[in-house]
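Here's the letter readout for the chains.
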Amino acid sequence: MKDSYMAEEVLITPPGKITSFLRPMDSSKLKAIEEMNESPTHLTSSLLAVAFLTSFGSSMLYGYNLAVVNSPAVYIKDFYNRTSVSRNGTGLDGEALTLMYSLTVSVFAIGGLLGSLMVGMLVTRFGRKGTVVNSTVLVFIAGSLMGFSRICGSPEMVIFGRFVTGIHSGISLSVVPMYLGEIAPKNLRGFLGLVPSLFICAGVFSAQILGLHEILGKEDHWPLFLSLVVIPTFIQLMLLPWFPESPRYLLIEKHNVHATIIALKWYRAKCNIQSEIEEMQEEQRSLSSVETVSVWRLILDPLVRWQLLSVVVINIGMQLSGIDALWFYTNDIFKNAGIPDPEIQYTTVGTGAIEIIAGLIGCFTIEKLGRRPLIIGGFLVMGFCCAGITLSLVLQVHLPFMRYVSVGCVIGIIAGFCIGPAGVPFLITAELFKQSHRPAAYTVGGSLNWISNFTVGFVFPFLQMSAGSYCYLVFCCVCLAVAAFVFFVIPETKNKTFVEISQMFASKEAVPETQCLGHLDQLKLRKMNGYGTLENGSLEFDSSSSVP
């Protein structure tokens, strides 16, 4: 006699709704479906194209804008001074000029904070892809302001343009990983989730290359240099609207079954689309409400406390790891190592190439190694190298060869950051939360990321003056603490569905999802409540009515 099981199937009715019903299923058919669900989904050209388009037109601009103001700094300050002379008859003193240029650099982070606070509202109203497409208008506004600033004789246009690009970067840093995390199958979520971080490194490298004196690093070219951000965004705007929206957003939030099926067929090749729809339905049933949760409700929700704490720690640790502060000291380290001043710019370009290589290593190893080894290993490497920089700077007065150790530590920090901490925090934020909580989680994580970024840039000069070479020990402690937190708290999420990941954080008092049936004549189906924990006896069906 064949074993019988109660199997839930999806019935797509003419009105466009999904209906669940129970019917018996023999063990051979159940086994076949389980094998189909476990088989890996291959990387399709559509998935790869979307990952490249969104990252090229959005994420890359973040890296580009981080580095673009370094090369033309002298020319921008001279423009500010000459504008002051033409307006007021006198130039700016040293403090005022430094203040204006510092505002030009730091206002990017202020815009990023504002953009990150808008993410939850935008993705709920426009969708994931829709937000990426609609936010491109900010890039064109910013590019026009910065590109025509010298013609108009307006430093304010440069500063406001930097602010607007910051808003766009604050939005894209959260929305792009969210979009890619939702369209990717679970066996490719790690690879696609690190593509944006790879393009961030490519953006930094592009700014370093174009900023060379032989290319755009001349006085006449700095407005063009700042406004080149419109080119990748224009390419994205022309192509990305042809691709579908996130299937999870379409089904769980918009209840559009037809569009969901079309999107899944677009992004998948030879896979069981029905099984993916069933997995989305499972997530939908596990939500206490399909409506998007606000940031305040997310903070007060005890069922996601550990997930939220994990996002807070890794996003703050990402910026307080010292990677941004490193650039304040890079030129001095290279100079102390005996590199001639004219060649330091080329050495800096070399560090950008190392970023890309490390990012590629992270992309192609994350699905094999998992998230935890990359982020723990990355923070450990950064922590030890921060300690190494302190040691080498202290000892190089007595031991000349320590100058080269400091250069190696700089390279180690960059490589360690780009392999894991640069991209995995954004990926983990998508994986630790389900549909209703994800936008609020990205708002929290993105806001803390930008606040920490601004804090490091503001505090580091004072920390350097007071602690000297020992300032990097602070970053060493942060890196080691974050690595320890990830090791003890955050589970491995590789090849797990969003529901399975949320169950890992369920409280110990929660009822297990699968229990042995106490009686053969009774089948109890327990519904998951608000977030990953289970309600007792929420649904009950008598098996005698369904099983022959």
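These remarks concern the structure in this document. (Residues numbered from 1 in each chain as written. Predicted model: local features only at pLDDT ≥ 70, side-chain atom pairs only at ≥ 80, totals over all residues. Heavy atoms only, no water.)

1. Things to note about the nonpolar core
Judged by nonpolar contacts, the single largest core of 121 residues is most densely connected at Leu226, Leu298, Leu326, Ile389, Ile413, Phe433 and Tyr472. Residue contributions to this core peak at 13 residues, all from helix 9 (residues 155–183). In terms of nonpolar packing, the next biggest core, distinct from the first, is built from seven residues, Val257, Ile261, Leu264 and Ile273 among them. (Core = buried A, V, L, I, M, F, W, Y, C linked by side-chain atoms within 4.5 Å. Buried < 20%, exposed > 50% of the residue type's maximum accessible area, 1.4 Å probe, protein only. Helix = DSSP H or I, 4+ residues; strand = E, 2+ residues; numbered from the N terminus.)

2. Thoughts on empty space enclosed by the protein
Following the criterion strictly, the structure yields two cavities of 30 Å³ or more and no others. Here the largest cavity is characterised by a volume of approximately 50 Å³. Lining the largest cavity, in full, are Ser59, Leu173, Pro177, Gly193, Pro196, Ser197, Ile200, Gly423 and Phe426. Counting residues per element, the lining of the largest cavity draws most heavily on helix 10 (residues 189–210), at four residues. Of the residues in the lining of the largest cavity, the class split is five nonpolar, four polar and no charged. If you trace the second largest cavity, you find it lined by Leu61, Asn65, Val139, Thr165, His168 and Ser169. Of all the elements in the fold, those that place two or more residues in the lining of the second largest cavity are helix 2 (45–67) and helix 9. Looking at the lining of the second largest cavity element by element, the count peaks at three residues for helix 9. (1 Å grid on protein atoms, 1.4 Å probe; cavity = no way out; pocket = protein on both sides within 12 Å on 5 of 7 lines; lining within 4 Å. Points joined across faces, edges and corners; volume = space filled by probe spheres on them. Nonpolar A, V, L, I, M, F, W, Y, C, P; charged D, E, K, R; others polar.)

3. Let's talk about the packing of helix 17 (residues 305–320) against helix 24 (residues 472–489)
Running from N to C, helix 17 and helix 24 cross one another at 155°; their axes reach a closest spacing of 10 Å. On the basis of the axis angle, helix 17 is roughly antiparallel to helix 24. Crossing handedness for the pair helix 17 and helix 24: left-handed. Note on element contacts: helix 24 touches helix 17 through Phe475, Val478, Val482, Phe485, Val486 and Val489, opposite Trp306, Leu309, Ser310, Val313, Ile314, Gly317 and Leu320. Its residues placed into classes, the contact of helix 17 with helix 24 shows eleven nonpolar, two polar and no charged. (Axes fitted to C-alpha atoms, helices over the stretch in contact; angles between N-to-C directions. Parallel < 35°, antiparallel > 145°, perpendicular 65-115°, else oblique. Left-handed = near helix turned anticlockwise from the far one by under 90°. Contact = heavy atoms within 4.5 Å.)

4. Details of helix 9
Taking 1.5 Å of rise per residue, the 29 residues of helix 9 would be expected to cover 42 Å, and the 42 Å separating its terminal C-alpha atoms lies within 8% of that figure. The largest bend along helix 9 reaches roughly 30° and is located at serine 172. For helix 9, the tally of buried residues reaches 27 of 29 residues, placing the bulk of the element in the interior. (Expected span 1.5 Å × (residues − 1). Bend = angle between axes of the 7 residues up to and from the residue.)

5. Side note on the environment of serine 447
Mapped onto the elements, serine 447 comes out in helix 23 (residues 438–467). With relative accessibility at 9%, the residue serine 447 sits in the buried group. Linking serine 447 and isoleucine 316, residues 131 residues apart in sequence, is a C-alpha distance of 9.6 Å. Excluding its chain neighbours within four sequence positions, the residues that come into contact with serine 447 are Leu113, Ser116 and Leu117.

6. Quick look at the environment of phenylalanine 140
As for its placement among the helices and strands, phenylalanine 140 is situated in helix 7 (residues 136–147). Assessed through its relative accessible area of 26%, phenylalanine 140 is described here as partly exposed. Discounting chain neighbours no more than four positions away, the residues touching phenylalanine 140 are Val230, Thr233, Phe234 and Leu237.

7. Quick word on the packing of aromatic side chains
Applying the stated criterion across every chain, the model contains twelve aromatic pairs. A ring pair is formed by phenylalanine 52 and phenylalanine 199, whose centres lie 5.4 Å apart and whose planes are at 85°; its orientation type is edge-to-face. Taken together, the residues phenylalanine 52 in helix 2 and phenylalanine 199 in helix 10 connect sequence positions 147 residues apart. Consider the rings of phenylalanine 79 and tyrosine 80, whose centres lie 6.0 Å apart with planes at 50°: the pair is tilted. (Phe/Tyr/Trp six-rings, centres within 6.5 Å; stacked < 30°, edge-to-face > 60°.)

8. Considerations on the state of the cysteines
Tallied over the full model, the rule gives zero disulfides. Summary of cysteine pairing: cysteine 363 is not part of a disulfide, and the nearest cysteine sulfur, belonging to cysteine 201, is at 9.1 Å. Note on cysteine 363: relative accessible area 3%, which makes it buried. Cysteine cysteine 476 shares no disulfide, and the gap to the nearest cysteine sulfur, in cysteine 477, comes to 5.4 Å. (Disulfide = S-S within 2.5 Å.)

9. Considerations on unusual backbone geometry
Positive phi is not limited to glycine here, since histidine 255 has a value of about 55°. Residue placement: histidine 255 occurs in the loop between helix 13 (247–253) and helix 14 (257–267). Under the relative-accessibility criterion, histidine 255 is labelled partly exposed at 48%.

10. Comments concerning the side chain of serine 227
Position of serine 227 relative to the elements: it lies in helix 11 (residues 222–227). Serine 227 has contacts with Gly143 and Gly147, leaving out every residue within four places of it along the chain.

11. Let's talk about the pattern of salt bridges
Across all of its chains, the model carries nine salt bridges by this definition. In this structure, the salt-bridge partner of arginine 87 is glutamate 156, at a minimum N-O distance of 2.9 Å. In this pair, arginine 87 is assigned in helix 3 (residues 73–88) and glutamate 156 in helix 9, connecting sequence segments 69 residues apart. On the basis of relative accessibility, which here comes to 46%, the residue arginine 87 falls in the partly exposed class. Residue classification places glutamate 156 among the partly exposed positions, given a relative accessible area of 43%. Put simply, glutamate 431 and arginine 189 hold a salt bridge, and the shortest N to O gap is 2.8 Å. Taken together, the positions of glutamate 431 in helix 22 (residues 424–432) and arginine 189 in helix 10 put the pair 242 residues apart, joining distant regions of the chain. (Salt bridge = Lys/Arg side-chain N within 4 Å of Asp/Glu carboxyl O.)

12. Quick notes on the side chain of lysine 129
Here lysine 129 is to be found in helix 6 (residues 128–134). Buried and unpaired, lysine 129 has glutamate 245 as its nearest opposite-charge partner, separated by 5.9 Å. A polar contact is formed between the side chain of lysine 129 and the backbone oxygen of proline 241, at a distance of 3.3 Å. Every residue in contact with lysine 129, bar those within four places of it in the chain, is listed here: Tyr179, Leu240, Pro241, Phe243, Pro244 and Glu245. (Lys, Arg positive; Asp, Glu negative; His and termini not counted. Polar contact = N/O pair within 3.5 Å; in protein donor to acceptor, adjacent residues only side chain to side chain.)

13. Some remarks on the packing of helix 20 (residues 371–395) against helix 24
Between helix 20 and helix 24, the least distance of the axes is 8 Å, while the angle of their chain directions is 160°. Here helix 24 runs roughly antiparallel to helix 20, going by the angle between their axes. Relative to helix 24, helix 20 is oriented so that their crossing is left-handed. Contact residues: Arg372, Ile375, Ile376, Phe379, Leu380, Met382, Gly383, Phe384, Cys386, Ala387, Ile389 and Thr390 in helix 20; Tyr472, Leu473, Phe475, Cys476, Cys479, Leu480, Val482, Ala483, Val486 and Phe487 in helix 24. Class assignment for the residues of the contact of helix 20 with helix 24 results in 19 nonpolar, two polar and one charged.

These values are about where atoms sit, not about what they do.
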